[in-house]
Amino acid sequence: MTEKKYRPAQRKKRPPAKAVQPQAFYAEKGQAPGRKGKKQNRKKKRPWLRAGAVLLALVLAVCAAGAAYLYIKLGKLTYVTPQEITAQMGAAFDTGLENYERLSAAGSVKIAPGEIYHDPAVVNILLLGTDERTEEYSTAARSDSMMILSINKRNNTWSLVSLERAMGVIVPGRSDDWLTHTFSYGGPELVLATVRSHFKLDIDKYIRINFSAFEKAVDALGGVDIGLTYAEATYLNAWCGGAFTEGAQHLDGKFALDYARMRKPDSDWKRVQRQRNVVAAMIDGIKQQGFFALDHLLDEALPLIQTNLTRGELMGLALHAPFLLGKEMRQTTLPAEGTFGNRISPDGRSLYDVDYEENARLLRELLYG
């Protein structure tokens, strides 16, 4: 018998283990990838970050260019620095609030009591239309139109309030007179002081435009669309050389001025409403302008306007304008119905005897409410 030799069993060789990539290993273990995985993820995100950065840079560049353009255009305005009111008044002239209160207590015009109300979120600007028919502004002009433009930045609302020109007011150094005459006595500063003291309204800024500038601004805009009543169309045709009919009509600068100034077809109260209609129509027209048309309008109109607002203040208002364009402008006239009577001044002038306390309350409710 042949003896079998013992041979140990040979073990099968296992195939070498596959190398596990760090990303896969950590993914299987439910753990975060290592440093190498982070770098790869960052590389994948970089194109999006770069695109976002480029887009942000373009937006900032456009905004900067727009702000620079607006700043340059606003330089065309005529800026007026505040001046002490001395014209026709003498050294004793004083428009301080205490002086108005003293004169009110002793005279027939009773101004609203209390302190001037202030809210930093509300900007009040007096819009003055003076009666010069040339591009030159005169110190002897009358304010044919007076309105308060109020912008409430907190509520994003805006209001336009007409001031009836025959309201009886205190004029220091003179007898009581019409509000409209205060401009010829002391310029826009006296009108501001009168409105501020009588209504206790926080207002010390104004924008002034005269008849000539108004016509040119409307023409540069391409005219305005106004709805005429039968009486208004008849008046414009008979007295102003028009050829209009009742209903929606397109008015150029001349006829827009004629429309805003006429009062014979009805009353002075309708007249101030017509003035607001033109302002509102001009705002609507500006909204519809393309860039080049708007650029032409600014070049034509801005040099004809005076203001004591600074360029920085106007920039701030312009940047806030987009928040207002979709909002309806609230409009009214002061004095309100049922808050005034009639009387004769010491020098025989017929004046509206106004309840300023009640009108101040209504005005504050509208502008600040």
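Preceding this paragraph is the structure being described.
Just so it is clear, the structure is predicted and the values come from calculations on it, not from any experiment.

*Asks:* I'm lost on the environment of Gly186 in this one. Help?
*Replies:* Relative to the helices and strands, Gly186 is located in helix H4 (residues 182-199). Note on Gly186: relative accessible area 8%, which makes it buried.

*Asks:* Would you explain the packing of aromatic side chains in this entry?
*Replies:* A ring pair, where both rings are aromatic, is described by two values, the distance of the centres and the angle of the planes. Enumeration according to the criterion identifies seven aromatic pairs in this entry. When the centroid spacing of 5.2 Å and the interplanar angle of 25 degrees are considered together, the rings of Trp269 and Phe340 count as stacked. One end of the pair, Trp269, is in helix H8 (residues 268-287); the other, Phe340, is in strand E12 (residues 340-344), with 71 residues separating them in the sequence. Overall, the relative accessible area of 25% leaves Trp269 in the partly exposed class.

*Asks:* Hey, could you run me through the packing of helix H5 (residues 211-221) against helix H9 (residues 291-301) in this one?
*Replies:* When two helices pack together, their arrangement is given by the angle between the helix axes and the distance between those axes. Between H5 and H9, the shortest axis-to-axis distance is 9 Å and the interhelical angle comes to 170 degrees. Taken as axis vectors, H5 and H9 run roughly antiparallel relative to one another. For the pair formed by H5 and H9, the contact residues are Ala217, Ala220 and Leu221 on the first element and His296, Leu297, Glu300 and Ala301 on the second.

*Asks:* Can you walk me through unusual backbone geometry in this structure?
*Replies:* Trans is the common state for peptide bonds, and a negative phi is the common state for residues other than glycine. A cis geometry characterises the amide bond from Leu334 onward to Pro335, with omega recorded as 5 degrees. Looking at where Pro335 falls in the secondary structure, it is placed in the loop between strand E11 (330-334) and E12. Although it is not a glycine, Lys200 sits at a positive phi angle of roughly 55 degrees. Within the fold, Lys200 resides in the loop between H4 and strand E7 (205-210).

*Asks:* Is there a simple way to explain the pattern of salt bridges in this structure?
*Replies:* Opposite charge on two side chains lets them pair, provided their charged atoms get close. For the structure shown, the criterion picks out 18 salt bridges. Lys73 serves as the salt-bridge partner of Asp295, at 2.8 Å between the closest nitrogen and oxygen. Highlighted residues: Asp295 in helix H9 and Lys73 in helix H2 (residues 35-74), separated in sequence by 222 residues. Lys73 gets classed as buried once you look at its relative accessible area, which sits at 9%. Measuring nitrogen to oxygen at the nearest pair gives 3.6 Å for the salt bridge that ties Lys205 to Glu313. Separated by 108 residues along the polypeptide, Lys205 in strand E7 and Glu313 in helix H10 (residues 311-320) bring together distant segments of the chain. For Glu313, a relative accessible area of 31% gives the class partly exposed. Counted as one network, the salt bridges with shared partners bring together Asp144, Arg165, Arg261, Asp268 and Arg271.

Parameters and conventions
- Numbers given to residues run from 1 along each chain, matching the order in which its sequence is written.
- Residue-level local features of this predicted model are given only where pLDDT is at least 70; pairs of side-chain atoms are given and counted only at 80 or more, and the full residue set underlies all totals for whole chains, interfaces and linings.
- In computing side-chain properties, one takes all heavy atoms of the structure into account and sets aside hydrogens as well as water.
- For helices the rule is a DSSP run of H or I covering at least 4 residues; for strands it is a run of E covering at least 2, with both sets numbered from the N terminus onward.
- Partly exposed residues are those whose accessible area sits between 20% and 50% of the maximum for their type, while under 20% is buried and over 50% is exposed, using a 1.4 Å probe and protein chains only.
- Pairing of aromatic rings covers Phe, Tyr and Trp, the last through its six-membered ring, and needs centres within 6.5 Å; plane angles under 30 degrees mean stacked, over 60 mean edge-to-face, and all others mean tilted.
- The angle between two axes is taken between their N-to-C directions and runs from 0 to 180 degrees, where each axis is a line fitted to C-alpha atoms and a helix contributes only its stretch in contact.
- Throughout this description, any angle smaller than 35 degrees is read as roughly parallel, any larger than 145 degrees as roughly antiparallel, any in the 65 to 115 degree range as roughly perpendicular, and the remainder as oblique.
- Note on contacts: a residue pair qualifies if any of its non-hydrogen atoms lie within 4.5 Å across the two residues.
- By convention in these notes, a salt bridge is any Lys or Arg side-chain nitrogen within 4 Å of a carboxyl oxygen on Asp or Glu.

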